Amino acid sequence: MDFGVVLQPDPPTQRTVEIAKRAESYGFTHAWLFDSHLLWQEPFPIFSKILNETHRIKVGTYVTNPATRDWTVLASAFATLNEMYGNRTVCGIGRGDSALRALGRKPATLKELRQAIHVIRELANSRPVEHEGATLRFPWARTSELEMWVAAYGPLALKLTGEVGDGFILQLADLDIAEWMIKTVRNAAEAAGRDPMAVKFCIGAPMYVGDGDDPVARAHMIDQCRWFGGMVGNHVADIVAKYGSSGSVPKALTDYIEGRQGYDYNSHGRATNTHTDFVPDEIVERFCLIGSPKEHIEKLNALKDLGVSQFAGYLQHDNKDATLAAYGNTIIPGVQDAVLARS
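Residues numbered from 1 in each chain as written. Predicted model: local features only at pLDDT ≥ 70, side-chain atom pairs only at ≥ 80, totals over all residues. Heavy atoms only, no water.

1. Topic: the pairing of strand β7 (residues 147-151)
Defined as follows: Summary of the burial criterion: residues with accessible area below 20% of their type's maximum are buried, those above 50% are exposed, and those between are partly exposed, where the area comes from a 1.4 Å probe applied to protein chains only. Secondary structure elements are defined from DSSP: runs of H or I of at least 4 residues count as helices, runs of E of at least 2 residues count as strands, and each element is numbered from the N terminus. A strand pair is defined by DSSP finding two or more bridges across the two strands. Looking down the strands as they point away from the viewer, one classifies a crossover as right-handed if the path from the first strand across the helix to the second runs clockwise.
Here β7 lies mainly inside the structure; 4 of its 5 residues are buried. Here strand β4 (residues 89-93) runs beside β7; their pairing, made up of 4 bridges, is parallel. Looking at β7, one finds that Val90 is bridged to Glu147. In this sheet, strand β8 (residues 167-170) lies alongside β7 in parallel orientation, the contact comprising 3 bridges. Counterpart to Trp149 in the pairing with β8 is Gly167. Once the chain exits β7 it traverses helix α6 (residues 155-164) before rejoining the sheet at β8, and the crossover so formed is right-handed.

Rendered as structure tokens:
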């Protein structure tokens, strides 16, 4: 299993870069940045600085969208970084949530997402592509290679992911939901004539390491990660509006948003978010990785058994440095040792 760290590009920029550098030293393979240009800093200049000050770690958007960015410009940005630093980027892309809703706009359609994935992939992989009646290419791109990882929740988005995605990004770590979604993506890939085992699966969720046996400490960890249930709830609300609260979507994913009354994107993705009181403790525990290193290792191994190839941990809380160190010193080696012991 690979490990990534998910960061918000807040100032000071050097703090973001330093966390990415430390993550690489601890064995993390990916550093992901949010891409919502009104809420946070522009990720691509920060990508360049991270890549310049590291050696192996890959960077990627978690996630971008086809509506706020011109597809050809986005492809050019990734291809330029690849030509500069040797194919160390990944494009995480979805329909768009905070980047668009903060502007008062709706997410892109699945049709737009599918088309964007094709155009970005071809251009950023140094290939020509037909787009809007013209053949486009980057004459300067020779060696750029880029994988397209699709963030999805709903049945149709999962189907699209299986049909065209190099990877699948699921932003929650609930075992039951992950199992259902991975199976749905693999079935779609197989139906499309693809190798279902070739699709990579990345689970993204907050990771907070602390004393899981201390009720006060555990309650604090839950409160620090409650924002994540609110963020996921935005996507779930869209799914419920489209499919209803029953049917093909797991009830564990839909029941908890019944108390959701509103959401303020100005506090999106932050532990200080005050619009997430509707998220119960149980959902935070299910969606996140909280507690002792042993608890993290057990859940990570369970995710790996489901077919997850990367865990990307969010660090939007008050214990970033200690959590990162615990992963590097104990959790990542513990997961790897467990895998070796079973092989």
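2. Remarks on the packing of aromatic side chains
When we look at a pair of aromatic rings, we describe it by the centre distance and by the angle of the planes. What counts is decided by this rule: When two rings of Phe, Tyr or Trp (its six-membered ring) have centres within 6.5 Å they constitute a pair, described as stacked for plane angles under 30 degrees, edge-to-face for angles over 60, and tilted for the intermediate range.
Throughout the structure, instances matching the rule amount to 16 aromatic pairs. Ring plane angle 85° and centroid distance 4.8 Å describe the contact between Phe34 and Trp40, whose orientation is recorded as edge-to-face. With a relative accessible area of 4%, Phe34 lands in the buried category. Aromatic side chains Phe34 and Tyr314 sit 5.8 Å apart centroid to centroid with 80° between the ring planes, which places their arrangement in the edge-to-face category.

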